[in-house]
Amino acid sequence: MRRLFPVTDQTVPTHSGGSPLGARGEGGDAAQDRERGREWDPERDRERNPERDREWSLDELADAYAYPEPGSGSSSSSSESGRGTAPEPGPGTAPEPGPGERRPWLRANMVSTLDGAAQHEGRSQPISTAADMRIFGTLRGLADVVVVGAETVRLEGYRPARARAEFARRREAAGQGPAPAVAVVTAGLDLDFSLPLFTSPLVPTLILTGAAAAPDKVAAAERAGARVVIAGDGMGVDPARAVRALADLGHTRLLTEGGPRLLGQFVAAGVLDELCLTVSPMLTVGDAQRIAGGPSLAVPQRFALASLLEEEGFLFGRYRRP
């Protein structure tokens, strides 16, 4: 894996004339080859810089994808659409974090083909790769909670997050439990509560639903061991209220893995802080969903590129709300 674009800053030359961590930018091997009148050759680049394509350790990935420190970065509870307009306070609004307290940070992790498909035959696995799954596991290893839509739970056969020894020390130091909780967003609670996600999670599964959810379904979820969290006044879930409700439970490092409709709701509500997007070098055609679905925004939201990694043609980008 090579870093093409370091966090926030343009690539700068190193003392040896190459670019840091394999960036192919000004001052790197591409520039050297251009000065010598040669086309850039990836094989020659690998011979010169064998470290560039090595497999990154999970610790390195965890450092690269670390959540903002307390008191830094933007906040989904204090800005609207990245433009610095605070939402009107209302019932259930979480108080502003004090000095040194962590703000909720909602990160999405999605994969897309070159032609915009977020799935192939209803699942994301066929367009993924081993490096993508390493980043997938790393992002889970950093999160307090994984937020996912009920349809994705059904289609992808979601299981509870597991404890991983590689992240145990990091999670303990951050005051986190052994594994992230999974929070399922659902209006109708049309879920199979006999699945391991509900019967044998390391951390009790959360159900995010509306106040008008059917009482018998709520009771069935609670009998299965799930914790039901009300995050809406009607049948559905209000995205901003869901973020606040999770933060009130102590979950401020938020990760959503979709599906597209849920991500579209987070985007439309202006509560998405960061998008981790894997661009798969595949073409699928067909009518698969994009990574986010729903009505178009009146004004497109612009995110800033924070970092870009590459491995075997797959691009792993991180985009943050300005």
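This is a predicted model, so every value here is computed, not measured.

1. A few points about the overall build of the chain
When its secondary structure is counted, the chain shows 10 helices and 10 strands. For the chain, the residues scored as buried account for 45% of the 322 residues in total. Considering only contacts within the chain whose residues lie at least 6 apart along the sequence, 68% involve residues at least 24 apart. Entry remark: accessible area of the chain is about 16,000 Å², with carbon and sulfur atoms responsible for 53%.

2. Comments concerning the packing of aromatic side chains
A ring pair, where both rings are aromatic, is described by two values, the distance of the centres and the angle of the planes. Summed over the entire model, instances satisfying the criterion amount to 1 aromatic pair. Seen in terms of ring centroids, Phe193 and Phe198 are 5.0 Å apart; in terms of plane orientation they differ by 70°. Their pairing is edge-to-face. Judged by relative accessible area, which is 15%, Phe193 ranks as buried. Phe198 gets classed as buried once you look at its relative accessible area, which sits at 3%. Directly above the ring of Tyr67 sits Arg107, whose terminal nitrogen or CZ lies 4.1 Å from the centroid. Against the face of Tyr65 rests Arg318, its NZ or CZ located 5.5 Å from the ring centre.

3. Quick word on the nonpolar core
Val145, Val147, Leu208 and Leu246 are the most contacted members of the largest nonpolar core, which totals 28 residues. No other element matches helix H9 (residues 239-248), which puts 4 residues into this core. Setting aside its immediate chain neighbours within four residues, Leu208 contacts Val147, Ala183, Val184, Val185, Thr186, Val229, Ala231, Val237, Ala242 and Leu246. Judged by nonpolar contacts, the second largest core, of 21 residues, contains Leu58, Ala62, Trp105 and Phe316.

4. Digging into empty space enclosed by the protein
One pass over the full model with this rule turns up 5 cavities of 30 Å³ or more. Computed from the structure, the second largest cavity encloses a volume of approximately 40 Å³. Lining the second largest cavity are Val185, Val237, Pro239, Ala242, Leu262, Gln265 and Phe266. When residues of the lining of the second largest cavity are traced back to their parent elements, those giving at least two are H9 and helix H10 (260-268). Broken down by element, the lining of the second largest cavity gets its largest block of residues, 3 residues, from H10. Residue composition of the lining of the second largest cavity, by class: 6 nonpolar, 1 polar and no charged.

Rules used in this analysis
- Residues numbered from 1 in each chain as written.
- Predicted model: local features only at pLDDT ≥ 70, side-chain atom pairs only at ≥ 80, totals over all residues.
- Heavy atoms only, no water.
- Helix = DSSP H or I, 4+ residues; strand = E, 2+ residues; numbered from the N terminus.
- Buried < 20%, exposed > 50% of the residue type's maximum accessible area, 1.4 Å probe, protein only.
- Contact = heavy atoms within 4.5 Å.
- Areas by Shrake-Rupley, 256 points an atom, 1.4 Å probe, with all protein chains shown as cover.
- Phe/Tyr/Trp six-rings, centres within 6.5 Å; stacked < 30°, edge-to-face > 60°.
- Lys NZ or Arg CZ within 6 Å of the ring centre and 35° of its normal.
- Core = buried A, V, L, I, M, F, W, Y, C linked by side-chain atoms within 4.5 Å.
- 1 Å grid on protein atoms, 1.4 Å probe; cavity = no way out; pocket = protein on both sides within 12 Å on 5 of 7 lines; lining within 4 Å.
- Points joined across faces, edges and corners; volume = space filled by probe spheres on them.
- Nonpolar A, V, L, I, M, F, W, Y, C, P; charged D, E, K, R; others polar.

These figures capture arrangement, not role.
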